[in-house]
Amino acid sequence: MNKKLLLMGICVSCFFNACQKKPDIDPAVAGLIFQAETAFRNGYYNAALTITDSALVISPHEVDVFFLRGRVFTNLARLNKAEVAYRTVLSLNPNYQGAWFNMGTNSIRQDDLPAAIAHYKSELLLYPSARTMVQLGRAYADLGKIDSAAFAYEDAIKTDSKNAAAYMRLGHLYKDSGDITKAIEYATSGLNLDPGNLDYKYIMGSLLLLNGEPQVSLPFFQAVTSNRPWHYWAHHNLGQALYRIGNEAKGQHYMDMAKELQKGIQEVENWRNLANLNPDQLMLWINLGNSLKNMGRIQEAKDAFLVALSISPMSFALQNNIANLCLMDGDTAQAIIRYKAILSLDSTLVDIWLNLGVVHVSSGRKNDARQAWMEGLEYDPDNTTLKDYLKTLN
Amino acid sequence: MSLFPAGKITVFFVVILFITCDSKQPASTNEIQINFTNVTATAGLANFRHVTGAVGDKWFPESMGSGGGFIDYNGDGWSDILLVGGGTWPGKSVAVAPALFLYHNNQDGTFKNVTAAAGLDDLHTYGFGITVADYDNDDDQDFFFTTIWQNHLFRNDKGTFTNVSLGSGLEKDSFWSTTAIFFDADQDGWVDLYVGSYVDWSPENDIWCTLDGNTKNYCTPELYDGVPSRFYRNNGDGTFSDKTEQAGFLPSPGKMLGAAELDFNNDGWPDLAVASDTQRDLLYVNNGDGTFKEIGAVSGMAYDENGRARAGMGIDAGVVDKSGKETIFVGNFSKEMIGVFRHQSGNFFEDRAAISKIGRPSLMTLTFGLFLFDAELDGDLDLFTANGHVQIGIEDTQDGIYYREPSHLFLNDGDGHFTDIVPSISGPLDRPIVGRGAAYADYDKNGTLDILVTENGGPVHLFRNENNENNFLRVNVRPSSGNRNGLSTKLVGITKNKRMERRVKTGSSFMSHSETTVTFGLGSEEVLDSLYVYWPNNSMEMFHNIHSGKEINITEGQGKLAVQ
């Protein structure tokens, strides 16, 4: 399944939001749902679940709460628990938009393709949409039912002629059937609709290379390698393209880079598979996070560490890792929140005071930085790093 | 397109021969019916059972299966059958399975078990593959047998075999070996040996794997370290020397399951394509002196279109279209297409899996045995694959994937576009089996190529090719000096409408051995207009106007054809 994900680069985590609140919802419950949603979006999964528990005490049959719980459990890779939540949603409101869709997507993650097809069809009966049709086509394609897949993608295009994913996936089917020209036509349509999509650029480059057009494929691969330096596949194919146009030295350079990246990719896939199979195993998520971080895949690494943190919520190391990744990702506000959260549990952690000060400095808040480093020195008066940092503020 | 390979060519003879024969009336292409009959029982092979030795431990080698193939052990010109019996684990099973089974061709469509009479009944091991060649140049067919422990070299002494492993130089290593291939890498006239190695597995380091999280199942090779394959130079005195490193075969990732000899750059030196399981496939280009350089990744044949290593199993190579370029075919795991890579130019190959129309129909099957042959004798190489999964009960956990799978028979339209005809014909190829090894030969000497398929933990199948409408010409070659089987000889047959390029070779497929006789399918043509023979020493001979319906022998430098 991961192969297909990477091949087509279609995001599988596009879940419907819990935004179908009834007009007569209890304001207290609505407030809790808002808090839970915020916690969920910021990666505080345990908090999100706890808040939904509180909401259910007030309103035990609030359908939006169960839907949100389904989404949280999905992010935590507890797919069975997610299914229970979505089933509850449907028992309370059989017409709830997105419940069947999310169950379908979870079924694809579990490689249960017939179930995925049934779920997407149920969703389509209620809410026909191009996005669901594309997902249905994808499940059919993975099951080897090519005609049905093509039919679903064509339906998606009829429903929404601007659905880029439908064009890309239809192009993929044509490629597999040996009609590269047609595949390139559809990929061009998809890319025109979503010109910044790096996954689509990679697909276009690969089709051109397959079509014997290495020179034309170069800018597509180069766009991917420059934006995703961890992208093994683009490096490999860029190397192939360069070799074929006679630029052997550069080609070899990218092939060598690809070879190095391949090890990391394999490591990530191994840990990801293991973690998804054993979602309660803390170390699997930590290893996955570390592997992703080593490859420079910051957002994905953060997601893995957030799951780990939900298993071990008192882990300062994990919280610190996440804060550091937030910082690397440019999210200083989240980084500060997470450093402060650690310090509220143990204010003697000098390294955290140090990191907090660094974030403040990088945000131009010198006084806050000074205060953080001074606090750190209270616990470790001889810390030369903190002293040196403080000197830089003078 | 040149008919001549690069390099120096010496033309010895140009002979025009007319061989009369009673060719059958031609049939139009539209009327040709492909049909195979399962003749296993009537041929006397029904009692054979491959043994996995499984007693519930789910040890990795039990899922691998083994090969078999054709050998003319008594030199009577009829293909006999040699099968690998599998094996049992010491201390685990009361019954000990024989390692090898040899069946004598009675020349009437039946076979007789002559394992004991041929001296092959006293070997007990856990076996996998065979490769056949006359390694000592004494005009008979010897064979090499791979196992999970020590491998074995059997010398043919006028129809009986002697295990000459000890002292041969081939007995020292004790790795899990898979497919082996004889070929004359340095063209010194003595066939060398490449022995594929798989992974570092033993009962002591066996890993617990599962499909459902509860019960143990067979592991896949990602969990074990690969063991590099080995290359042995034939010393010409009955012994071999390990020249793996000197010949350029190190480093290598191991996990090798298939090897095919080819000459993609047409320089007259044999190259080697290797299929690796969950590792990149390899392409060894001959440096022109019997040493090699590995260029798989750069060439574009090592990975799928996204640079991902697949589970390479069986492999073969041949010219399948009008480009005249060699194409490599690699059998892969379920949800991985069969790899199809056609030589483009220089050291580059192009991915033709989709364009050839083989990719999609092969996507859901797990292919082990795989070979090119002219199934309907129309002059084009077609592709047969033996399929079967490694996980018993896979259908319970993965939709659309089955433990027992039908075979594929991809018919070539003459320009490298294929159609799998198995779904549209009823017959033995459509019957789901746990396919592993696969080989071909014209065992009944009617000119058509018959198929032998082994199953893991099951019977062997002999499928007789019932297509007898088209004309054919079968050719055996014998160099004046050097390797007696004429390995690496290239033959090009020309008719009014076709150019057919074939190579004499061992290896290919999965742990199995096909006949080395070359078959030209002539369709409705009654005469092969020209036959060019490119000998391993780069000399070339031409023959013209050869009538069909015969098997002929060509000895290098004699300038004439002998009808068998």
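Source: prediction; values computed, not measured.

This part is about the overall build of chain B. Assigned secondary structure in chain B consists of two helices and 39 strands. Relative to the compact-globule value of 24 Å for 564 residues, chain B shows a C-alpha radius of gyration of 22 Å, a close match. Principal-axis analysis of the C-alpha atoms places the extent of chain B at approximately 70 × 50 × 50 Å. Taking all 564 residues of chain B together, 58% fall into the buried category. For chain B, restricting intrachain contacts to residue pairs at least 6 apart in sequence, the fraction spanning at least 24 positions comes to 62%.

The helix and strand tally for chain A stands at 22 helices and zero strands. Along the three orthogonal principal directions, the C-alpha set of chain A runs to about 70 × 65 × 35 Å. Across the 394 residues in chain A, those meeting the buried criterion constitute 45%.

Taken together, the 21 residues of chain B in the interface contact 25 residues of chain A. Only helix 1 (296-299) and strand 24 (348-351) of chain B provide two or more residues apiece to the side of chain B that touches chain A. No other element matches strand 24 of chain B, which puts three residues into the side of chain B that touches chain A. Split into classes, the residues belonging to the side of chain B that touches chain A amount to eight nonpolar, six polar and seven charged.

Looking now at the environment of Pro432(B). Residue and element names in this part refer to chain B. Looking at where Pro432 falls in the secondary structure, it is placed in the loop between strand 28 (418-420) and strand 29 (435-441). The class for Pro432 is partly exposed, based on 13 C-beta atoms found within 10 Å. Sequence-distant contacts of Pro432, defined by excluding residues within four places in its chain, comprise Tyr402, Arg404, Glu405 and Pro406.

All names here are of chain B. Spatially, four strands are ordered 7-8-9-10 in an open sheet, and the strand pairing comes out antiparallel. The open sheet has two edge strands, strand 7 (127-133) and strand 10 (160-163), and neither has a second partner. Ignoring strand direction, the axes of neighbouring strands in this sheet form an average angle of 25°. Of the strand pairs in this sheet, strand 7 and strand 8 (residues 142-147) are connected by five bridges, and their pairing is antiparallel. Looking at strand 8, one finds that Thr131 is bridged to Phe144.

Looking now at helix 15 (residues 248-277) of chain A. Residues and elements named next belong to chain A. With 30 residues, helix 15 should reach 44 Å at 1.5 Å per residue; the first-to-last C-alpha distance of 42 Å fits that figure. The sharpest bend along helix 15 measures roughly 25° and falls at Leu261. Considered for burial, the residues of helix 15 that qualify are Gly251, Tyr254, Met255, Ala258, Leu261, Gln262, Val268, Trp271, Arg272 and Ala275.

Residue and element names in this part refer to chain B. The sheet built from four strands is open, its strands ordered 21-22-23-24 with antiparallel pairing. Each having just a single partner strand, strand 21 (315-319) and strand 24 make up the two edges of the open sheet. Between one strand axis and the next, the sheet turns by 30° as a mean value, whatever way the strands run. Here strand 21 pairs with strand 22 (residues 326-330) via five bridges, running antiparallel.

Now for the packing of helix 5 (residues 79-92) of chain A against helix 6 (residues 99-109) of chain A. All names here are of chain A. Remark: helix 5 packs on helix 6, axes separated minimally by 10 Å, with the N-to-C direction vectors making an angle of 160°. Classified by the angle between their axes, helix 5 and helix 6 sit roughly antiparallel to one another. Judged by the sense of rotation from one axis to the other, the crossing of helix 5 with helix 6 is left-handed. Packed against helix 5, whose contacting residues are Leu79, Ala82, Glu83, Tyr86, Val89 and Leu90, the element helix 6 presents Ala99, Asn102, Met103, Asn106 and Arg109 at the interface. Split into classes, the residues belonging to the contact of helix 5 with helix 6 amount to seven nonpolar, two polar and two charged.

We now examine the confidence of the model for chain B. Residue and element names in this part refer to chain B. Averaged over every residue, the pLDDT of chain B is 91; residues scoring 70 or more account for 94%. Predicted confidence for residues 1-32 stays below pLDDT 50, and this span has 68 contacts to residues more than four positions away or in other chains. Per the prediction output, this complex has pTM 0.84; the corresponding ipTM is 0.76.

All names here are of chain A. Interaxial distance between helix 15 and helix 16 (residues 282-294) falls to 9 Å at its minimum, and their mutual angle equals 155°. Classified by the angle their axes make, helix 15 and helix 16 are roughly antiparallel. Judged by the sense of rotation from one axis to the other, the crossing of helix 15 with helix 16 is left-handed. Residues Gly264, Glu267, Val268, Trp271, Arg272, Leu274 and Ala275 of helix 15 pack against Leu284, Trp285, Asn287, Leu288, Ser291, Leu292 and Asn294 of helix 16. Here the contact of helix 15 with helix 16 is built from residues that sort into eight nonpolar, four polar and two charged.

Criteria and thresholds
Residues numbered from 1 in each chain as written. Chains lettered and ligands numbered in written order. Predicted model: local features only at pLDDT ≥ 70, side-chain atom pairs only at ≥ 80, totals over all residues. Helix = DSSP H or I, 4+ residues; strand = E, 2+ residues; numbered from the N terminus. Rg over C-alpha atoms; globule rule 2.2 N^0.38 Å. Buried ≥ 20, exposed ≤ 12 C-beta atoms within 10 Å, placed from the backbone. Contact = placed C-beta atoms within 7 Å. Nonpolar A, V, L, I, M, F, W, Y, C, P; charged D, E, K, R; others polar. Pairing = 2+ DSSP bridges. Axes fitted to C-alpha atoms, helices over the stretch in contact; angles between N-to-C directions. Expected span 1.5 Å × (residues − 1). Bend = angle between axes of the 7 residues up to and from the residue. Parallel < 35°, antiparallel > 145°, perpendicular 65-115°, else oblique. Left-handed = near helix turned anticlockwise from the far one by under 90°. pLDDT = per-residue confidence, 0-100.

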